[in-house]
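Observations on the model geometry
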Amino acid sequence: MNITKSISLFQEAQTVFPGGVNSPVRAFRAVGGQPLFIQRGEGAYLFDADGNRYIDYVLSWGPLITGHAHPDVVKAIQEAALMGTSYGAPSPLEIELAKSIMDFMPNIEMIRFVNSGTEATMSALRLARAYTRREKIIKFDGCYHGHADMLLVQAGSGVATLGLPDSPGVPSTVAADTLVANFNDLESVEALFKKWPDQIAAVIVEPVAGNMGVVPPLPGFLEGLRSLTTQHGTVLIFDEVMTGFRVHKGGAQTLYNIKPDLTTLGKVIGGGLPVGAYGGRREIMQLVAPAGPMYQAGTLSGNPLAMSAGIAALSLIREEKCWEKLEQAAGRLEAGIGEAAKRAGVPIQQTRVGTMFTTFFSETKPVDWNTVKAADKIQFGKFFQKMLENGVYLAPSQFEAGFISILHTDEIIEKTLEAAMEAFRTC
Ligand SMILES: *Cc1c(COP(=O)(O)O)cnc(C)c1O
């Protein structure tokens, strides 16, 4: 595989960007080697600067459920651009995307668009604090909710503890209000409620964890969170930035039939352009300015290009059987990978919910961050490199979700499985 151009671009990039990238996960540090510089995307494929072609299972880390440069999405963006790229005033497109989202997720009674998932979660937490007039929040070890200060908090090992900042620059006073519980462990949540009664504004959770690799909720976990938060007058926030339209058309809240108070969205709803959103119960959303006192604003929020791309992507998903076919394709991929690993005698743990999946090189069933950590990163790194050599682009870390798009055909999945068969034999 010739990556000469990517190598020289990476050298140049390192002189202008910290680590040569504009988001750390892109740097390939967890798997060794260096990032590929991408020239273009088309359907299920990525093409790098040297002209190599890869089947893409990263899909911009989730958003591209309709694949790269889907003609409908491209057309929507082109048409929107001709009408002006930003107004700083309301437009009908915002209502159209909002209604489309609410059709899929009826728990969202009112919504506010922002520009990223990070903005969505930080705004939702501000809102939960404004609504409850409390300051502490609970998050789960191994769940990622964007890079806002209060969410960049590391968990103590095993037992739920007071958060310590996960990054220099996060004030300890901010981190101190973030309590950390174990995913899939209701007792760890109950203990925090017991210790800080009437002080917890919100519980924020990835209802299917995706940012430690895919870890589904155990039966009763989400139900338990719903009843504990109701009991304590705490706002339950489902961070569906990743799971929205991915684990089910209507997100995890529809799949598991749980009604969160607030939902955060991003990724898929922007059709590949930068969009985030938070929404939920009308009574809570009415506190957002200018309807209410909780301030939150954005110069480019509701951007017409982004709204148009989102509208186009969601209408593709709404087409008859579209999502169902997508999920079936994900199922075939999962079954094929399982079979290939078995034939090669490599022990793996597979997790998949809808169109999100992870292959853990592990003998331990992944249920939380502690069990996830048991996976063999070195072995994953070898598998990753071999897949890349064979033209399959996976997320460059063991602890990430894989995604497919509606343009990943049976034939493309078959090619992926051939590559996997060979990769398992060498790792
Ligand atoms: C990606 C992600 C975010 C952050 O979204 P950005 O658009 O990267 O800011 C937040 N929460 C979850 C669950 C995510 O997967």
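As the structure is a computational prediction, the values presented were derived from the model and not from experiment.

**Topic: the sheet that holds strand E16 (residues 402–403)**
Taking strand neighbours across the sheet as the criterion, the 3 strands line up as E13-E14-E16 in an open arrangement whose pairing is antiparallel. Two strands close off the open sheet at either side, each with one partner strand: strand E13 (349–353) and E16. The pairing of E13 with strand E14 (residues 356–360) spans 5 bridges and is antiparallel. Note that in E14 the partner of Arg-352 across the bridge is Phe-357. Of the strands in this sheet, E13 and E14 are in contact with helix H11 (residues 322–344), which crosses E13 at around 180°.

**Section: the sheet that holds strand E15 (residues 392–393)**
Working definition: the strands of a sheet are paired by backbone hydrogen bonds and lie parallel or antiparallel to each other. Taken in spatial order, the 4 strands line up as E1-E2-E3-E15 in an open sheet, and their pairing is mixed. The open sheet has two edge strands with one neighbour each: strand E1 (38–42) and E15. Taken together, the 3 bridges between strand E2 (residues 45–48) and strand E3 (residues 53–56) define a ladder with antiparallel strand orientation. Along E3, the bridge assignment pairs Tyr-45 with Ile-55.

**Overview of the pairing of E1**
Sheet topology places E1 next to E2; 4 bridges connect them, and they run antiparallel. Its bridge partner lying in E2, Gly-41 is registered against Leu-46. Between the end of E1 and the start of E2, which pair antiparallel, lie 2 residues, with Gly-43 showing a positive phi angle near 60°.

**Overview of the environment of Arg-246**
Relative to the elements of secondary structure, Arg-246 occurs in the loop between strand E10 (235–239) and helix H8 (251–255). For the pair Arg-246 and Thr-355, spaced 109 residues apart in sequence, the C-alpha to C-alpha distance is 5.4 Å.

**Considering the packing of aromatic side chains**
Where two aromatic rings form a pair, the distance of their centres and the angle of their planes describe that pair. By the definition in use, this model includes 15 aromatic pairs. With centroids separated by 5.3 Å and ring planes inclined at 80°, the aromatic side chains of Phe-28 and Phe-384 adopt a geometry described as edge-to-face. Taken together, the residues Phe-28 in the loop between helix H1 (4–16) and E1 and Phe-384 in helix H13 (residues 377–389) connect sequence positions 356 residues apart. A ring pair is formed by Phe-361 and Phe-424, whose centres lie 6.0 Å apart and whose planes are at 45°; its orientation type is tilted. Here Phe-424 lies in helix H14 (residues 410–425) and Phe-361 lies in the loop between E14 and helix H12 (369–372), a separation of 63 residues in the sequence. A relative accessible area of 1% places Phe-424 in the buried class.

The rules behind each value
- Residues numbered from 1 in each chain as written.
- Predicted model: local features only at pLDDT ≥ 70, side-chain atom pairs only at ≥ 80, totals over all residues.
- Heavy atoms only, no water.
- Pairing = 2+ DSSP bridges.
- Helix = DSSP H or I, 4+ residues; strand = E, 2+ residues; numbered from the N terminus.
- Contact = heavy atoms within 4.5 Å.
- Axes fitted to C-alpha atoms, helices over the stretch in contact; angles between N-to-C directions.
- Phe/Tyr/Trp six-rings, centres within 6.5 Å; stacked < 30°, edge-to-face > 60°.
- Buried < 20%, exposed > 50% of the residue type's maximum accessible area, 1.4 Å probe, protein only.

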